[in-house]
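Listed below, chain by chain, are the residues.
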Amino acid sequence: MTRSQEQFDDLLGRTALAALFYLPEVTVTDGAYRIQEDVDYCLQAVDGLEAEDTERLREAITQTIADPTVNRSALLALVMELAPPPNR
């Protein structure tokens, strides 16, 4: 399956939104929030990846949601590696 740059852009947008609303204290107080649900939502934007690439993205997205300032560069680098080159 051919993936598009737009799918990866969607993944980044979803990750940014999840990071914006991430509140680790919610997990502590009520236990209802699960970061993996947000990660699964982000990964829905890009399908058909190899299992290894999916796991690499899953880890990078998880880290970025939890601490975007420290981890966003690693996620961007991985997206640039996996995404097709943009059309010019």
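To be clear, the structure that these remarks concern was listed above.
Read on for an overview of the structure.

What counts and how
Along every chain, residues carry numbers that run from 1 in the direction the sequence is written. Only residues with pLDDT of 70 or above have their local features reported here, since the model is predicted, and side-chain atom pairs are shown and tallied only from 80 upward, although totals for entire chains, interfaces and linings are computed over all residues. Just so you know, side-chain values use all the structure's heavy atoms and leave hydrogens and water out. A run of H or I in DSSP becomes a helix once it reaches four residues, and a run of E becomes a strand once it reaches two; helices and strands are each numbered from the N terminus. A simple rule labels every residue: compare its accessible area, found with a 1.4 Å probe on the protein chains alone, to the largest value its type can have, and call it buried under 20%, exposed over 50%, or partly exposed in between. All accessibility values rest on the Shrake-Rupley procedure with a 1.4 Å probe; residue burial counts only the protein chains present in the view. Residues grouped as a nonpolar core are buried Ala, Val, Leu, Ile, Met, Phe, Trp, Tyr and Cys residues, joined through side-chain atoms within 4.5 Å. Contacts: residue pairs with any heavy atoms within 4.5 Å of one another. To define axes, lines are fitted to C-alpha atoms, for helices over the stretch in contact only, and angles between the resulting N-to-C directions are given on a 0 to 180 degree scale. With respect to orientation, any angle under 35 degrees is reported as roughly parallel, any angle over 145 as roughly antiparallel, any angle of 65 to 115 as roughly perpendicular, and every other angle as oblique. Handedness of a helix crossing follows the sense of rotation of the near helix relative to the far helix, less than a right angle counterclockwise being left-handed and clockwise being right-handed. Each residue receives one of three labels: charged for Asp, Glu, Lys and Arg, nonpolar for Ala, Val, Leu, Ile, Met, Phe, Trp, Tyr, Cys and Pro, and polar for the others, Gly being one of them. Stacked, tilted and edge-to-face are the three classes applied to pairs of Phe, Tyr and Trp rings, where Trp contributes its six-membered ring and a pair requires centres within 6.5 Å; stacked means planes under 30 degrees apart, edge-to-face means over 60, and tilted covers the rest. A ring is scored as having a charge over it whenever the NZ atom of a lysine or the CZ atom of an arginine sits within 6 Å of its centre and within 35 degrees of its normal. Salt bridges are defined as contacts in which a side-chain nitrogen from Lys or Arg sits within 4 Å of a carboxyl oxygen from Asp or Glu.

This part is about the overall build of the protein chain. Of regular secondary structure, the protein chain possesses five helices and zero strands. Start at the N end of the protein chain and walk to the C end: the helices and strands fall as α-α-α-α-α. Across the 88 residues in the protein chain, those meeting the buried criterion constitute 32%. Of the roughly 5700 Å² that the protein chain leaves accessible, carbon and sulfur atoms contribute 55%.

Attention shifts here to the nonpolar core. With 19 residues, the main nonpolar core has F8, L11, L57, I61, I65, L75 and V79 as its most contacted residues. Counting only elements with at least two residues in this core, the list comes to helix 1 (5–20), helix 3 (35–43), helix 4 (51–66) and helix 5 (68–82). Setting aside residues up to four positions removed in sequence, L75 forms contacts with L11, L12, T15, L57, A60, I61 and T64.

Below, the discussion takes up the packing of helix 4 against helix 5. Where helix 4 contacts helix 5, the axes come no closer than 7 Å and their chain directions differ by 155°. Judged by the inter-axis angle, helix 4 sits roughly antiparallel to helix 5. The interaxial crossing formed by helix 4 with helix 5 has left-handed handedness. Residues D53, R56, L57, A60, I61, Q63, T64, I65 and A66 of helix 4 pack against P68, N71, R72, L75, L78, V79, E81 and L82 of helix 5. Across the contact of helix 4 with helix 5, the residue classes tally to 10 nonpolar, three polar and four charged.

Glancing now at the packing of aromatic side chains. Taken as a whole and judged by the stated rule, the model has zero aromatic pairs. Between the NZ or CZ atom of R14 and the centre of the ring of Y41, over which it lies, the distance is 4.3 Å.

Considering all chains together, one arrives at five salt bridges under this definition. Note that R14 is salt-bridged to D10, the shortest N-O span being 3.2 Å. A residue pair is termed a helical-turn pair when its members lie 3 or 4 positions apart in one helix, as R14 and D10 do in helix 1 at four residues. Exposure remark for D10: the relative accessible area of 34% places this residue in the partly exposed category.

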